[in-house]
Structure formats: C-alpha cells, structure tokens
Amino acid sequence: MEFFERFAVPHPSPAIYASMVAIGLTVIAIVAGLTYFKKWGYLWREWLTTVDHKRLGIMYLLCALIMLFRGGVDAIMLRAQLAVPDNKLLDSQHYNEVFSTHGVVMIMFMAMPFIIGFMNYIVPLQIGARDVAFPRLNAISFWLFFMGAMLFNISFVVGGSPDAGWTSYFPLASNDFSTSVGTNYYMLSLQIAGLGTLMTGINMITTIMKMRAPGMTLMKMPMFTWSTLVANLIIITVFPVLTVALAMGTMDRLFGTNFFTTTNGGMDMMWANLFWVWGHPEVYILILPAFGLYSEIISTFSSRNLYGYKSMVASMVIISALSCLVWAHHFFTMGQGALANSFFSITTMAIAVPTGVKIFNWLFTMWKGKIRFTVPMLYSIGFIPLFTIGGVTGVMLAMSAADYQYHNTMFLVAHFHNTIIPGVVFAMLAGLTYYWPKMFGFMLNERIGKWTFWLLSIGFVLAFFPMYITGLDGQARRMYTYSEATGYSTLNMVSFVGAGIMAVAFALIVYNVYYSVRYASRNISSDPWDARTLEWATHTPVPEYNFAVVPQVKTSEPLWDAKKRKHVLFPGKLNKIHMPNNSGVPFILGTIFFVWGFSFVFAIWPLVIISTIGIFTCLAFRSFEKDHGRYISLEEVTETEEKLGGAK
Amino acid sequence: MKAGHAQPLEYSTHQNDLNIFGFWVFLGAEIMLFATLFTTYFVYEGRTGTGPSGAEMFEITPVLIETIVLLTSSFLIGLGVHAMRLGNKKATMAFFALTLALGLVFLGVEIYEFAHYVHIGAGIQISAFTAILMTTLGTHGMHVTFGLFWGTAILIQLKKRGLTPETANKSFIFSLYWHFLDVVWIFIFSFIYLKGMM
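Throughout this description, residue numbers start from 1 for each chain and increase along the sequence as written. All chains are assigned letters beginning at A, and all ligands numbers beginning at 1, according to the order in which they are written. Side-chain atom pairs in this predicted model are given and counted only at pLDDT of 80 or more, local residue features only at pLDDT of at least 70, and totals for whole chains, interfaces and linings cover all residues.

Run through the overall build of chain A, naming residues and quoting values.
Put simply, DSSP H or I for four residues or longer makes a helix, DSSP E for two residues or longer makes a strand, and each gets a number counted from the N terminus. On a plain count of helices and strands, chain A comes out with 21 helices and 2 strands. The buried share of chain A, taken over its 648 residues, is 52%. Contacts in chain A between residues far apart in sequence, at least 24 positions, make up 82% of those at least 6 positions apart. The exposure scheme places C-beta atoms from the backbone and then counts, for each residue, the other C-beta atoms within 10 Å of its own, assigning buried at 20 or more, exposed at 12 or fewer, and partly exposed in between. We call two residues in contact if the C-beta atoms placed from their backbones are at most 7 Å apart.

Here is the structure:
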C-alpha cells in the first residue's frame, strides 16, 4: 500500500477531485472520438510522426493556447482568493501550489512554445528554405517539450504540485520544507522540456546561418528571423545553466547531496544565482521574438519599411549580451554587498537604452506611414505605451537601494506582468491573427478580434495597475491572505474584476476561432495583408516543400520588391524536390522520456533504468537507420503548383 | 564552407555541412554546461563541511593514468580522421577502435577513483565539495560513457557500410566530440586536481 500512497494528492480538495474526473472524461472523449471517426491513422500519419516545420509549429501553438487556459485558470483562482480580505477559498498550501504552477506553466509551457511555434512556422518560410536544418531533431524537440509539459501537468492529480514558487528557491524547495513530490516534478519536467528547447536552439541557429535563400545576407534578413537568431543564441548560452541547476536540485532532493542545503558546506544562494543566470536571459528569449513579430507587423500595416534596421539589429545584440549580466537584480536584498548591487543596478538600467531605441524605431516606422488599424496592428500599438510603463517600472526596480522597498511586493508582480502581457502575450495574439490566414487559409474575424483587444487591454490595466499601488503600500507577493485593516481590499477587488475581463477576452479568442471556422471566406489571396517578406510569397495553404523554386533576394523586403520594383522572386525552373521522411521515433522517444521522468519523480529506479535503456535504443535505432529522405517528383510538384494557382 | 567535390568526404553533401555546423553549436552549449559546473566547483571548493578537502582526497597516480590515456586517445582519433581523409578504411577503424579501448581504460580508472573516494568517506552526500567534485567528474565520465556507445555504433557502421559521406560525417563529428571531452579533461586536470593538490 505504501507504494501506492505516494501517488495520492497530499492536500486533496473538491476542485482537485473535479479536475481528476474532468481529465478522465476528456481522455475518454478524445479516445472515443478518434475511434468513432476512424482518425487514429490520420493522427499518426499526419501529425504524430510529422517532421514538417509548419505542422510542428502549429502543434506548438495549439499546446501554448491550451496551456494559456490552464495557467489562466490558476490566475483566476489566485485573484479570486485575494479579491476579499481573509478569504477562505484556498488554504495556504493550495495557494502556494497554484501560484507555483501558474508561473511555470505561463513561462515554460505557454510563452516558450508560443514563440518556438512561431519560429518553427515562420523562419524557414521567411528565409526561403524548405524546412529546418534538422527536421527529425525538430520533431524530437517538440515531443520533449510536450512530454515535459504533460509531466508537469499531471502533478496536481498524481502526487501533488510544486509549491515553492516558479523560482523554486532552496531551502524552501528542499525535502524539509517542500514535502510532496511536487518539486521533483518541477525539476524533471523542466529538465525534459529544457532539453527540447536546447535542441531547438541548435536547429534554428543552423537553419538561419546555413539555409538562407541566395542573396539574403545576414543584414538582409527579416527582423523576426534576426530576433529568432539572437534569441536562440541566448538559448544555447543559458539553457545549459538551467540543466546543471536542475540536476543539482534533483540530486539534493533524491540523492541527499548538499548543493543547496544549509549544512555541510551547501549554499542555498547558489540555486538563486544559477536559476537567474538562466532565468533572466530567459525573459529576453521570450521578448526578443515578440519584438521581431511587432517589427514585421508594424512595418506591414504602416506600409513602410522598418525604420532603423541596423539599429534594430544592434539593439537586440546588445540586449542579448546585457541580459546575461543582470541576474543578481532578482535578489538585491539578499546581502551580496554594495559593490555587486551597484554593478547589477547599472547593467540592468543600461538595458533600457537599446530597448528605448527599438521603441523609437517602431514609432518612426509609423511616422508618415499609411497605418491600417487591423487587429495585429492594434496589439502592436497598444504594446508600445503599455510596455513602456512596464519598462519604466523596471528601471525603478533596478535601483538597488530603492529595491529594498519594492522587493517581493505586488509592485514587482505588476512590473513583470506589465512587460510580459503587453510584451509577449500581445505579440503572440497579434502574431496568431497575422499568420492565421497563412496557416489555415482563412482570416480571423476582425470585429471579434477588436473586441478581444480592447477587453484584454482594459482588463489588463484594471488587473495589474492597482498592484503597483498596493505593492508600494507593502502588500507582499505570494501571501494567500491579508487582513481588512491593511486597506488593500478595494484595489484587490479591482484586480479581480480586471482578471475576469481578461478571462472574457481569452474566451472571445476561442469564440473567434469557432466563428471564423464557420463563417470566414476561404477565398483569400496568399498575401492578404499586403505584406513585405517571403513567407507571403508562397501559396496558401503552404505546400509541404514551401517553395517550388528557391527564391532570389535583393533586400530585406523581397516580396515588396517583387510587387513594386519588378524584382523577379522565382527565376528558376520547377524540379524534383528532396524532402525528409516522417518518423515515429521522436514521438516514441518523447513517450519514453515521459516514463523516465515520471519514474524519476517517484524514485522508481527499475523503471528509470528500463526507460534509460529505451532512450538509448531509440538513439541507436536512429544511428543505424538508413534514411535518405524522399523525392517529390517533378510531375507531382507541377500538379500541386497548378492546383494552388500557378507556379510561383 | 560550400558543399562540393573539392571538400573532404565528411563535408561532401549539404546535409553533412549542416550536421557539422550544428554540432559545433551543440559544443557551444556543452562549453556552457561545463563552465557552469566549473564555476560552481570554484564556489564550493573550500566548502567541505565536516568532510575531507581535495588535498586530502586526490591521488596523483590514477589521475596521471587517466590524463595520459585520454590525451593519447584524442591523438589517436586525430590519426583516425587523417586515415579517413586518405580513404584508408582499415586504418580509420583501427584508430577508432584504439580510441575507444583507451576510453574504456579511462572509464575503468575513473570508476576505481570514485569507489576509492566512497571508501575513504568522501561520498557524494558528505559535503557540497564532494557533491560538486563528483558531479563535475561524473558529467565528464558520463560523456565518455555515452561516447563509447556512440563510437561503437559508428565503428559497426564503418565496417558494414564503408567510408561513405554519411559514415565519414558521423566519424568526423564523433572526433569533434572526443576532442572536446579531452579539452574538458585538461581543465579538470589543471583546475581541479593540480590546483587541489597544491
């Protein structure tokens, strides 16, 4: 019995039992549906075994949207708990688990797959490539991310969720203070997903450096591709640090080592340092591609080329370098001395300079442009003032002396949501609306989209601006309750209302998808926004080989050249095309990694050994496999091209 | 580098070129991995708690054997790649096999070393210092172990398929990996063992 008791949730509540039933019913419904409609084969052939960067990108985006709702439910629970003083909705343990999973899910399993999904979908199209450099590895990346996310998400129904915050500081995250297996889940699931991200980094850098269309020099790459390159360089630099930190944390919890303990030489602050050496650049991994998307969108809808291309590139490179030199600003109050604090203060404030350059470049791009107020453009325009407020409060936080007042208060919570939501989430929704027609062949409804934008913006302001005030007034973050006498109740209620409005906005996105699937016109051109870069030069829907003829590039806006300056984009002739084969190995490998992670969480060593052997078997299979890809014949290419409306 | 017939076999296709470039990027990530371990090691170097310090634990003999064996293996795999460029399959395989054999010797000595540490009461749980020492050495050792499996798989393919663009590419990439492990070992030898014994 003792063996099975470990899998029980340590702090059960009706909500958790309800979730268990809901998960069970959903799984049954999916299995029954797939069987009834005889879709198992389709699912396996077209999606689970695919190595196509476009399909993998779409799967990343789908997972990100699902995780957005999973993390969003957490957020609503947090705000509901704090809406009134001395609330009894959640107890302290439950509240700890909810804010921990909210943070991890939103950063690692929502924002990361969102941007990686866009990188996957857009980058090969933007540089005129047929796929990424290593399509099979790309599929492995996706399945590792997916299985990491699944492993994290089953924690709250099997064994208990992590409860030490998304930063998982030691000694709080040690066995002494975090007694359930929750933190094991944290360590292992991030390890598996992080491995996938690292492989994405290798893949994207190789793709961008080696597979650009003829004529596209580095300084003629579209801005999103540039941002992807820089973000992936950061990934290569800092994800190994996370790998090491997580491995040490796992060993502390499972093997009784003394890395982050307070005895036998251990040092708990080492975790905080290692975590933030990864964690701070991580937020730039998220925001730089978001900046890239805004650059594409603002340029398209202002009908102008991007202002200050070179300074845009330079500022991103400078941001990426500075991002690795600021990590200690997350713990100014933890006693590393005035000199170290001053250094990290200055580097942190310095980041505002290149970011400011970017803000002005976007403004100057719009200056005298013919602005079209579409949904993606609304998000981009909303982003500029809101994100600037987040940036300014960031500079306030960067002053180490003043930080003693802000540290661990709601002011900080307001600040980082103020950068992440208008920065990253707005960019993701803008990008989703912008690229939706390329992905699915119809546009999302503009009217519902505009409602979503306004509700989301108003909800955001109502939800987070009050936290600046309560934070300055001393309301601590991560506290599950407060007393009436503090006077925080009115503003917290406003926050709750704001969170509710945001929830309505997110629900509207789902409704918009449903509405557009039913009513939107399928008769759209391959370039519905009158855009400027290569991804809009190919057909909609995009054929699996992307471009039948490899495009020629002269400037950073090849499609614009083709439309306005009689540039010949596709000078070559049709030919047979070499493509990679699908493979089931990435999915199987991911599944084995899931078993490996799960058995590691519960220290079931025989299963760990068996699954490790399984992983090696998959690798050996791949090594010995003879797979030279396949050719799409000239006849087939010609036929597809004609069906899609003439060769391009 | 552009793909073409003037290139060595391992660079001769576009995919080969991509593989080698991608592997260099991977090695960049590996450098960060070991850099993190070394940094943590330097922080924890003096934090021995009630356990022994490096000076009390390290013995020069096994470390010297490990160093000589690994450095020689790195030289041999270099000869292996040279033989591969000359198109001599037999010599390539022989040098690769010798490399792996020396890798196995290295691993044997390292396992002895770990057993010795545990025996003298310096197991991984004793202090922050022993934990980071064994994690750093162990991460390198696990890379060598993985390399033994990987190298064996390549050796089998060389035997079965001969020197093709694919097998040459794999062998070359494996040699990069093996040289990298050697470089890491030089850092371990200098900054962990020698520094610890001084």
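I'd love a proper account of the overall build of chain B, names of residues and values included.
Scanning chain B from N- to C-terminus turns up 6 helices and 0 strands. For chain B, the sequential pattern of α-helices and β-strands runs α-α-α-α-α-α. Seen along its three principal axes, the alpha-carbon backbone of chain B occupies a region of about 60 × 30 × 25 Å. Looking at chain B as a whole, 44% of its 198 residues qualify as buried. Counting contacts in chain B only where the partners sit at least 6 residues apart, residues at least 24 apart contribute 75% of the total.

How would you summarise helix 7 (residues 182-210) of chain A if you had to cite specific residues and measurements?
Any helix carries an expected span of 1.5 Å times its number of residues minus one. Helix length check: helix 7 of chain A (29 residues) gives 42 Å between terminal C-alpha atoms against 42 Å at 1.5 Å per residue, within 8%. For helix 7 of chain A, a buried count of 26 out of 29 residues is recorded, marking the element as mostly surrounded by other parts of the structure.

For the confidence of the model for chain B, give the residues involved together with the corresponding values.
The predicted model of chain B averages 94 in pLDDT, with 97% of residues at 70 or higher. As scored by the predictor, the complex reaches a pTM of 0.95 and an ipTM of 0.94. Looking at any residue, its pLDDT shows the predictor's confidence there, from 0 to 100.

Just give me the short version of helix 11 (residues 338-350) of chain A, but keep the residues and values in it.
Residues and elements named next belong to chain A. End to end, helix 11 covers 18 Å across 13 residues, agreeing with the expected 18 Å (1.5 Å per residue, within 8%). Within helix 11, burial applies to Asn341, Phe344, Ser345 and Thr348. In a view along the axis of helix 11, the buried residues occupy a sector of 110 degrees, so they form one face of it. Along helix 11, exposed side chains directed more than 90 degrees from the buried face belong to Leu339 and Ser342. Buried residues along helix 11 sit in contact with helix 13 (375-398) and helix 14 (400-406). Along the arc lie the directions from the helix axis toward the C-beta atoms.

Residue-level account of the interface of chain B and chain A, with values.
Listed as interface residues are 31 residues of chain B and, on the opposing side, 31 residues of chain A. Breaking the side of chain B that touches chain A down by element, the ones donating at least two residues are helix 1 (14-44) and helix 5 (128-161) of chain B. With 15 residues, the top contributor of residues to the side of chain B that touches chain A is helix 1 of chain B. Only Asp, Glu, Lys and Arg are considered charged in this grouping, and only Ala, Val, Leu, Ile, Met, Phe, Trp, Tyr, Cys and Pro are considered nonpolar; every other residue, Gly among them, is considered polar. Looking at the side of chain B that touches chain A residue by residue, the class counts come to 17 nonpolar, 12 polar and 2 charged.

Describe unusual backbone geometry, naming the residues involved and giving the relevant values.
It is generally the case that most residues other than glycine have a negative phi and that most peptide bonds are trans. Residue and element names in this part refer to chain A. Geometrically, the link from Phe170 to Pro171 is a cis peptide bond, its omega value of 0 degrees lying close to zero. Structurally, Pro171 can be placed in the loop between helix 6 (135-153) and helix 7. In this model, Thr540 is joined to Pro541 through a cis peptide bond whose omega is -5 degrees. Mapped onto the secondary structure, Pro541 falls in the loop between helix 17 (489-519) and helix 18 (558-564). Even without being glycine, Asn264 reaches a positive phi, approximately 50 degrees.

Report on the packing of helix 5 (residues 92-126) of chain A against helix 6 of chain A, specifying residues and quantitative values.
All names here are of chain A. All axes here are fitted lines through C-alpha atoms, helices being fitted over the stretch that makes contact, and every angle between N-to-C directions spans 0 to 180 degrees. Between helix 5 and helix 6, the least distance of the axes is 11 Å, while the angle of their chain directions is 160 degrees. With respect to helix 6, the axis of helix 5 lies roughly antiparallel. The two elements helix 5 and helix 6 cross, and the hand of that crossing is left-handed. Along the contact surface, helix 5 presents Val104, Phe109, Pro113 and Asn120, while helix 6 presents Asn138, Phe145, Ala149 and Phe152. Across the contact of helix 5 with helix 6, the residue classes break down as 6 nonpolar, 2 polar and no charged. Any angle that falls under 35 degrees is termed roughly parallel, while one over 145 is termed roughly antiparallel, one within 65 to 115 roughly perpendicular, and all others oblique. Helix crossings fall into two classes, left-handed where the near helix is turned counterclockwise from the far one by less than a right angle and right-handed where it is turned clockwise.

Summarise the environment of Val181 of chain A; cite the residues concerned and give the values.
Residue and element names in this part refer to chain A. Counting through the fold element by element, Val181 comes out in the loop between helix 6 and helix 7. Along the sequence, Val181 and Pro162 sit 19 residues apart, while their C-alpha atoms lie 7.4 Å from each other. Apart from the residues within four sequence positions on either side, Val181 is in contact with Arg6, Gly159, Gly160, Val601 and Phe602.

Describe the environment of Glu557 of chain A, naming the residues involved and giving the relevant values.
Residues and elements named next belong to chain A. Mapped onto the elements of the fold, Glu557 is located in the loop between helix 17 and helix 18. Under the C-beta neighbour-count criterion, Glu557 is labelled buried, with 24 such atoms within 10 Å. For Glu557 and Thr533, which are 24 residues apart along the polypeptide, the C-alpha to C-alpha distance reads 5.1 Å. Each residue touching Glu557, except ones within four places of it in the same chain, is listed here: Asn305, Arg532 and Thr533.

Explain the environment of Ser583 of chain A to me, and be specific about the residues and the numbers.
Residue and element names in this part refer to chain A. By the secondary structure assignment, Ser583 is in the loop between strand 1 (577-579) and helix 19 (585-601). On the basis of neighbour counts, which here come to 20 C-beta atoms within 10 Å, the residue Ser583 falls in the buried class. The spatial distance from the C-alpha of Ser583 to the C-alpha of Trp44 is 9.8 Å, given a sequence separation of 539 residues. What Ser583 contacts, discounting residues up to four positions off in sequence, is Thr49, Val51, Arg136 and Ala139.

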